[in-house]
Amino acid sequence: PITGRIRCCSPAQWPASGPEVLMMKIEDRFEFLCDIGMLFCFLERWCPENNVMADMGEGWRPDVTEEYYRKKGLSRAKVNTHGERRAHDINFYMQKDGKWALMAEPGFKRAEIRAILRPVGDYWKMLGPTNIWGGDWENPFDPYHFQRN
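A short tour of the structure in this document, coming up. Keep in mind the model is a prediction, meaning the values are calculated, not measured. (Residues numbered from 1 in each chain as written. Predicted model: local features only at pLDDT ≥ 70, side-chain atom pairs only at ≥ 80, totals over all residues. Heavy atoms only, no water.)

### A short note on the overall build of the protein
What the protein contains, in helices and strands, is three helices and five strands. Put simply, the protein runs from its N terminus to its C terminus through helices and strands in the order α-β-α-β-β-α-β-β. Buried positions account for 40% of the 149 residues belonging to the protein. Restricting to contacts in the protein with at least 6 residues of sequence separation, those with at least 24 account for 57%. Surface accessibility of the protein: about 8800 Å² in total, with carbon and sulfur atoms responsible for 58%. (Helix = DSSP H or I, 4+ residues; strand = E, 2+ residues; numbered from the N terminus. Buried < 20%, exposed > 50% of the residue type's maximum accessible area, 1.4 Å probe, protein only. Contact = heavy atoms within 4.5 Å. Areas by Shrake-Rupley, 256 points an atom, 1.4 Å probe, with all protein chains shown as cover.)

### So, the nonpolar core
In this structure, Phe92 and Leu117 are the most contacted members of the largest nonpolar core, which totals 26 residues. Elements supplying a minimum of two residues to this core: helix H1 (26-49), strand E2 (87-96) and helix H3 (110-127). For Phe92, the contacting residues outside a window of four places in its chain are Leu43, Val52, Met53, Ala54, Ala101, Leu102, Met103, Leu117, Val120, Pro143, Tyr144 and Phe146. (Core = buried A, V, L, I, M, F, W, Y, C linked by side-chain atoms within 4.5 Å.)

### Focus on the layout of surface pockets
By volume, the largest pocket amounts to about 940 Å³. If you list the elements that add at least two residues to the lining of the largest pocket, you get helix H2 (63-71), E2, H3 and strand E5 (145-148). When grouped by side-chain class, the residues that make up the lining of the largest pocket number 14 nonpolar, nine polar and 11 charged. One number sums up the size of the second largest pocket: a volume of about 190 Å³. Arg29, Phe32, Leu33, Arg85 and Arg86 are the residues nearest the centre of the second largest pocket, which is lined by 13 residues in total. For the lining of the second largest pocket, the secondary-structure elements that each account for two or more residues are H1 and E2. The element that contributes the greatest number of residues to the lining of the second largest pocket is H1, accounting for six residues. (1 Å grid on protein atoms, 1.4 Å probe; cavity = no way out; pocket = protein on both sides within 12 Å on 5 of 7 lines; lining within 4 Å. Points joined across faces, edges and corners; volume = space filled by probe spheres on them. Nonpolar A, V, L, I, M, F, W, Y, C, P; charged D, E, K, R; others polar.)

### Looking at H1
Over its 24 residues, H1 runs 35 Å from end to end, which matches the ideal 34 Å to within 8%, given 1.5 Å per residue. Along H1, the helix axis deviates most sharply at Leu43, where the bend reaches about 30 degrees. Following H1 by one or two positions, Asn51 adopts a phi angle in the positive range, close to 55 degrees. (Expected span 1.5 Å × (residues − 1). Bend = angle between axes of the 7 residues up to and from the residue.)

### Structural notes on unusual backbone geometry
Backbone torsion omega between Asn139 and Pro140 reads 10 degrees, so that peptide bond is classified as cis. Here Asn51, not a glycine, exhibits a phi torsion of approximately 55 degrees, which is positive. Residue position: Asn51 is located in the loop between H1 and strand E1 (52-56). Overall, Asn51 belongs to the partly exposed group, its relative accessible area being 44%.

### Thoughts on the pattern of salt bridges
Under the definition given, this model contains 13 salt bridges. One salt bridge connects Arg61 with Asp89, and the closest N-O pair in it is separated by 3.8 Å. With a gap of 28 residues between them, Arg61 in the loop between E1 and H2 and Asp89 in strand E2 connect regions that are remote in the sequence. Here the two residues Arg61 and Asp89 agree in accessibility, since each one is buried. Through salt bridges with shared partners, a single network forms among Glu58, Arg61, Glu66, Glu67, Arg70 and Asp89. (Salt bridge = Lys/Arg side-chain N within 4 Å of Asp/Glu carboxyl O.)

### Thoughts on the environment of Tyr93
Mapped onto the elements, Tyr93 comes out in strand E2. Taking the C-alpha atoms as reference points, Tyr93 and Cys47, 46 residues apart in sequence, are found 9.5 Å from one another. Those residues in contact with Tyr93, other than ones at most four positions away along the chain, are Asn51, Val52, Met53, Ala54, Asp55, Trp100, Ala101, Leu102 and Met103. A polar atom in the side chain of Tyr93 sits 3.0 Å from the side chain of Asp55. (Polar contact = N/O pair within 3.5 Å; in protein donor to acceptor, adjacent residues only side chain to side chain.)

Quick look at the structure:
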């Protein structure tokens, strides 16, 4: 298993904190980015071994999009964690009727999705003590969501 940490530069070389609207300091957002990078490296090996494919979901989300999602009932989040750059979604696909199907589509059962993606969520949480996987949630169930608190 991949257990190391990506370090592009030393903390002394990190830039100053970003805009005040962001809850996390740039150093913490950089750590989140490194963990996402480690997760992608894990998926590069895990996906083919498990007959799953993945691609980029939503990373940064503007507040106007978050408001739209809330109005449509697609989000109940009180805080736009994507807008704060501390959440990222990944789309997962499996073979269904000979074609790759997005696991968020009807026909995939919650228990099946959770069981298949559990190793991914467990790996994500192992990377950091404040990493949260949306597959552990019941309502909303969001196994495509990877977040840092």
